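Understanding the architecture of this molecule
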Amino acid sequence: MSPQLEVQLIAVIIAAACALPGVFLVLRRMAMLSDAISHTVLLGIVLGYFLTRDLASPLLFIGAAATGVLTVALVELVSGTGLVKEDAAIGLVFPALFSIAVILISRYAGNVHLDVDSVLLGELAFAPFDRVNLFGLDLPRALAVGAGVLVLNALLLAFFYKELKLATFDAGLAAALGFAPALIHYGLMTVVSVTAVAAFDAVGSILVIALMVAPPATAYLLTNHLPRLIGLSVLIGAGSALAGYAMASTLNVSIAGSMATITGFAFLVAFLFAPERGLLAQAVRRQQQRWSFAEQMLVLHLLNHEGTPEARDECTPSHLSAHLRWPDTFAEAVVRRATQHGYVQPGALLALTDQGRSLAQDASMR
Amino acid sequence: MDRQSRQREIEVELIIALFTDYTLRTVALGVAVLGAVSGALGSFAVLRRQALLGDAMSHAALPGIVLAFMLTGQRNPLILLIGAGMAAWLGALLLLGITRTTRIKEDSGLALILAVFFGLGLVLLSLAQRSPDAAQAGLKTFLFGQAAAMVASDVWLMAGIGAGVLLILGIFWKQFKLISFDPDFAASLGVPVRRLSVLLTSLIIVAIVLGLQTVGVVLMSAMLVAPAAAARQWTNRLGLMVLLAALFGATAGVVGATISATARGLSTGPTIVLCVSAIVVVSLLFAPERGVLWNRLRGNRQFQAPEA
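Quick caveat: nothing in here was measured; it's all calculated off a predicted structure.

Criteria and cut-off values
Throughout, residues of each chain are indexed from 1 in the direction in which the sequence is written. Here the convention is simple: chains get letters from A, ligands get numbers from 1, in the order in which they are written. Predicted model: local features are reported for residues with pLDDT of at least 70 only, side-chain atom pairs are reported and counted for 80 or more only, and whole-chain, interface and lining totals are derived from all residues. The helix and strand labels rest on DSSP assignments: H or I over at least four residues marks a helix, E over at least two residues marks a strand, and numbering proceeds from the N terminus. This radius of gyration counts C-alpha atoms alone. The globule rule is 2.2 Å times how many residues there are, raised to the power 0.38. Exposure classes come from backbone-placed C-beta atoms, where a residue is buried if 20 or more other C-beta atoms lie within 10 Å of its own, exposed if 12 or fewer do, and partly exposed in between. Any pair of residues counts as being in contact when their C-beta atoms, constructed from backbone geometry, are within 7 Å of one another. The nonpolar core is taken to be a set of buried Ala, Val, Leu, Ile, Met, Phe, Trp, Tyr and Cys residues joined by way of C-beta atoms within 7 Å. Gly is placed with the polar residues, together with every amino acid not listed as nonpolar (Ala, Val, Leu, Ile, Met, Phe, Trp, Tyr, Cys and Pro) or charged (Asp, Glu, Lys and Arg). Each axis is a line fitted through C-alpha atoms, taken for helices only over the stretch in contact, and angles between the N-to-C directions span 0 to 180 degrees. Between 65 and 115 degrees an angle is taken as roughly perpendicular, under 35 as roughly parallel, over 145 as roughly antiparallel, and anywhere else as oblique. Working rule for handedness: look at the near helix, and if it is turned counterclockwise from the far one by less than a right angle, call the crossing left-handed; if clockwise, right-handed. You can read pLDDT as the predictor saying how much it trusts each residue, on a scale of 0 to 100. Expected helix span is given by 1.5 Å per residue-to-residue step, counting one fewer step than there are residues. Given a residue, its bend is the angle between the two axes fitted to the seven residues that end at it and to the seven that start from it. For two strands to be treated as a pair, DSSP must find at least two bridges joining them. It is the directions from the helix axis to the C-beta atoms that the arc portrays.

1. Quick word on the overall build of chain A
- When you go through chain A residue by residue, the secondary structure sums to 17 helices and four strands.
- The C-alpha atoms of chain A give 29 Å as radius of gyration, which overshoots the globular expectation for 366 residues (21 Å, by more than 25%).
- Along the three orthogonal principal directions, the C-alpha set of chain A runs to about 100 × 50 × 40 Å.
- A total of 366 residues make up chain A; the buried ones form 46% of that total.
- Within chain A, contacts between residues separated by at least 24 positions form 64% of all contacts whose residues are at least 6 apart in sequence.

2. Some thoughts on the overall build of chain B
- On a plain count of helices and strands, chain B comes out with 14 helices and zero strands.
- Within the span of chain B, comprising 308 residues, buried residues form 51% of the whole.
- Expressed as a percentage of contacts within chain B between residues at least 6 apart in sequence, the contacts between residues at least 24 apart total 73%.

3. Brief notes about the environment of Ala56 of chain A
- If you trace the backbone, Ala56 of chain A turns up in the loop between α2 (31-52) and α3 (58-80).
- Between the alpha carbons of Ala56 of chain A and Tyr245 of chain A there is a distance of 27 Å; along the sequence they are 189 residues apart.

4. Considering the nonpolar core
- Counting residues in hydrophobic clusters, the biggest one holds 211 residues, and the most contacted among them are Val213 of chain A together with Ala115 of chain B.
- No other element matches helix α11 (residues 193-234) of chain B, which puts 23 residues into this core.
- Apart from the residues lying within four places of it in its own chain, the contact partners of Ala115 of chain B are Ile206, Ile209, Ala210, Val213, Ala214 and Ala260 of chain A.
- One finds Leu298, Ala338, Leu352 and Leu359 of chain A within the second-largest nonpolar core, a separate group that totals 15 residues.

5. A look at unusual backbone geometry
- In this structure, Asn252 of chain A takes a positive phi of about 55° despite not being glycine.
- Overall, the presence of 9 C-beta atoms within 10 Å leaves Asn252 of chain A in the exposed class.
- The backbone phi angle of Glu289 of chain B is positive, close to 75°, even though this residue is not glycine.
- Considering the arrangement of structural elements, one finds Glu289 of chain B in the loop between α13 (268-286) and α14 (292-304).
- The exposure class assigned to Glu289 of chain B is exposed, which follows from the 11 C-beta atoms found within 10 Å.

6. Digging into the interface of chain A and chain B
- Listed by partner, the interface residues are 54 residues for chain A and 48 residues for chain B.
- For the side of chain A that touches chain B, the secondary structure elements donating two or more residues are α2, α4 (86-108), α5 (116-121), α10 (205-220), α12 (255-273) and α13 (279-305) of chain A.
- Class assignment for the residues of the side of chain A that touches chain B results in 33 nonpolar, 14 polar and seven charged.

7. Remarks on the packing of α3 of chain A against helix α9 (residues 181-203) of chain A
All names here are of chain A.
- Contact pair α3 / α9: the axes reach a minimum separation of 8 Å and the direction vectors enclose 135°. Judged by the angle between their axes, α3 and α9 are oblique. Considering the relative orientation of α3 and α9, their crossing is right-handed. Residues Phe61, Ala64, Ala65, Gly68, Val69 and Val72 of α3 form the contact with α9, whose participating residues are Tyr186, Met189, Thr190, Val192, Ser193, Val194, Ala196 and Val197.

8. Overview of the confidence of the model for chain A
- Overall, the prediction assigns chain A a mean pLDDT of 87, with 96% of residues at 70 or greater.
- Confidence scores differ between elements of chain A, with α5 of chain A showing the lowest mean pLDDT of 59 and helix α11 (residues 226-251) of chain A the highest of 95.

9. Here we look at helix α2 (residues 22-47) of chain B
Residue and element names in this part refer to chain B.
- With 26 residues, α2 extends 37 Å from end C-alpha to end C-alpha; this agrees with the ideal 38 Å at 1.5 Å per step.
- In the structure, α2 departs most strongly from a straight axis at Leu41, where the bend amounts to approximately 30°.
- Within α2, 23 of the 26 residues are buried, which leaves the element mostly enclosed by the surrounding structure.
- In the segment just after α2, Arg49 is the residue with positive phi, at about 55°.

10. Quick notes on the pairing of strand β2 (residues 137-140) of chain A
Residue and element names in this part refer to chain A.
- In the sheet, strand β1 (residues 131-134) pairs with β2 via four bridges, with the strands oriented antiparallel. Considered in β2, the bridge of Arg131 is made with Pro140.
- Hairpin remark: β1 followed by β2, antiparallel, with two residues in the connecting loop; positive phi at Phe135, about 50°.

11. Considering helix α17 (residues 354-365) of chain A
Residues and elements named next belong to chain A.
- Here α17 contains 12 residues, and its C-alpha end-to-end distance of 16 Å stays within 8% of the 16 Å for a straight helix at 1.5 Å per residue.
- By the burial criterion, the buried members of α17 are Gly356, Leu359 and Ala360. An end-on view of α17 places all buried positions within 100° of arc, on one side of the element. In α17, the exposed positions that point more than 90 degrees away from the buried face belong to Asp354, Gln361, Asp362 and Met365.

12. Describing the environment of Gly244 of chain A
Residue and element names in this part refer to chain A.
- Inspection of the secondary structure assignment puts Gly244 in helix α11.
- With 15 residues separating them in the primary sequence, Gly244 and Met259 have C-alpha atoms 4.0 Å apart.
- With sequence-adjacent residues up to four places away left out, Gly244 is seen in contact with Ile255, Ser258, Met259, Thr261 and Ile262.

13. Let's talk about the packing of helix α12 (residues 238-262) of chain B against α13 of chain B
Residues and elements named next belong to chain B.
- Look at α12 against α13: their axes get within 8 Å of each other, and the N-to-C directions meet at 130°. Comparing their axes, α13 and α12 come out oblique. With respect to the hand of their crossing, α12 and α13 are arranged in right-handed fashion. Contacts between α12 and α13 involve Phe248, Gly249, Ala252, Gly253, Val255, Gly256, Ala257, Ile259 and Ser260 from the former and Thr268, Thr271, Ile272, Cys275, Val276 and Ile279 from the latter.
- Classifying every residue of the contact of α12 with α13 by side-chain character gives nine nonpolar, six polar and no charged.

This is the structure in structure tokens:
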């Protein structure tokens with residue numbers, strides 16, 4: 001495999017691995033915990049390094065994942081006192097842990113290849129140079145780790161799908177039925193931590209946040225169906241990874257940055273053009289409601305005065321503007337639409353058709 | 001010389017250095033201003049449950065900084081600050097738009113804006129670095145903060161902008177108080193809630209942008225949240241809370257800067273954050289009426305009350 005292909009494969013696998021727990025972070029309104037965890041894993045790596053003095057040790061991985069869970073536990077501890085809100089608790093805990101990590105690095109590990117920049121920013125282009133031999137195959141380490149985490153996440157999701165779904169949408173019922181919501185919460189947070197550690201090595205912690213939150217948020221604008229939401233998130237994440245790589249190699253810019261930008265672009269497209277929830281669809285719907293409301297007003301007005309002596313005055317297009325306070329052009333447009341829809345017979349004196357009369361009666365019944 | 005008197009001597013030296021050492025004095029003044037401004041504004045962010053806004057917006061400022069640098073080709077702090085502020089402001093408006101018009105919640109919106117803007121900033125940064133005269137080191141330190149490099153003109157700039165921000169806070173004090181505690185009531189009184197929210201968020205962004213240079217992107221959120229969260233424990237009055245938060249922020253800044261100036265490998269930003277975190281821990285534990293310890297004691301007393 002060429003290094004370029006390997007980089008793309010790593011990106012796709014990591015994007016998919018991030019999207020799976022990301023869906024539940026978004027649904028459970030815990031997206032910012034991914035931010036906290038992806039920063040504090042640095043502390044775990046530093047502490048693991050001090051214990052082992054080896055940057056390749058698996059203990060670093062475990063230590064980092066454990067710090068992620070510790071972060072969540074500390075956030076719960078602080079917000080559990082009831083003295084600060086949960087968002088403030090997150091904002092208190094992770095900068096403190098991150099600061100400790102930065103100080104430990106600059107004070108005791110200055111001469112080691114362990115710098116804050118590479119943790120936060122990541123460099124996917126270098127991933128193919130760090131290789132492991134697995135079952136006789138010569139693979140990039142990030143690929144092996146990423147694939148392992150993806151499989152793990154998929155298996156856990158498959159096994160605990162029902163529990164996760166229930167605890168996410170109705171925590172109270174889940175607790176009443178005897179599923180332990182706290183267990184599910186910490187299980188999910190462990191998965192998020194492990195995924196963040198596996199991913200940030202290759203792509204940097206900021207892209208981890210982008211890959212965990214942006215594809216599920218995008219998919220959330222497109223569907224109501226949980227399995228579809230998960231599938232779409234994986235697809236959008238993987239697609240953004242590939243498109244981001246293409247953008248990075250064309251413009252010769254940061255790969256992780258390009259991928260994050262593309263996930264944002266995907267969200268923007270969904271935000272504007274999603275079939276039901278996009279801004280455009282919302283605007284179209286509002287416009288349609290405006291017209292249909294105006295037509296209902298018109299037929300009600302006509303029904304009101306139908307067959308009465310003042311009908312001659314009331315039921316002319318020019319009077320509509322005075323009585324319904326519509327601008328002339330708007331009144332004309334409404335009459336034209338109502339005529340097209342067959343509610344009103346055109347003429348100097350507006351009259352209801354049968355269809356228009358039944359619409360007016362329906363509307364007045366409501 | 002015994003250990004204790006040696007310790008004392010170091011302390012005295014530090015205090016003298018604070019008044020005589022030019023660099024330390026400049027840095028301490030700068031972070032004191034920053035701590036006071038972000039503490040005061042952070043009180044509103046914490047009360048309005050926007051504690052993580054600082055984190056997201058400080059990341060979102062990156063593309064603005066890089067773009068300002070690319071367009072003007074200068075590293076004038078004021079120009080970079082304006083770029084940072086514009087990008088963060090755009091991020092905040094987008095966040096507001098997303099949460100108002102879709103079912104995406106605040107937390108996802110924040111994470112989204114944070115990561116995507118930062119990613120865009122990385123892309124721009126890698127573009128900027130290719131131009132030969134670009135000083136990438138300068139931009140990176142801007143990202144992670146470099147308090148030690150502060151000069152007097154930076155402090156003056158910070159003090160000026162900070163004073164302006166606090167002045168606006170004072171002018172709209174009553175309105176900000178109202179929209180922070182009861183926005184519905186404020187709206188029923190005809191107070192323009194949304195415009196005031198945007199103004200308040202803009203002021204918070206100015207504070208964030210001021211702090212970027214000193215404590216860096218990642219740690220700026222602590223400067224907004226921690227002093228306010230600590231101050232909240234000591235009082236129920238908004239005015240006192242804002243004053244206390246400003247005091248805590250400034251104190252943590254000065255103490256942190258002084259400690260980091262004396263020891264090798266203690267970067268200023270993280271040291272300040274640890275100082276302010278220590279204030280938070282003490283406040284959460286020992287604050288009268290609210291603190292954990294106080295509640296324990298009161299719980300015991302209530303438990304014993306029937307016997308007495």
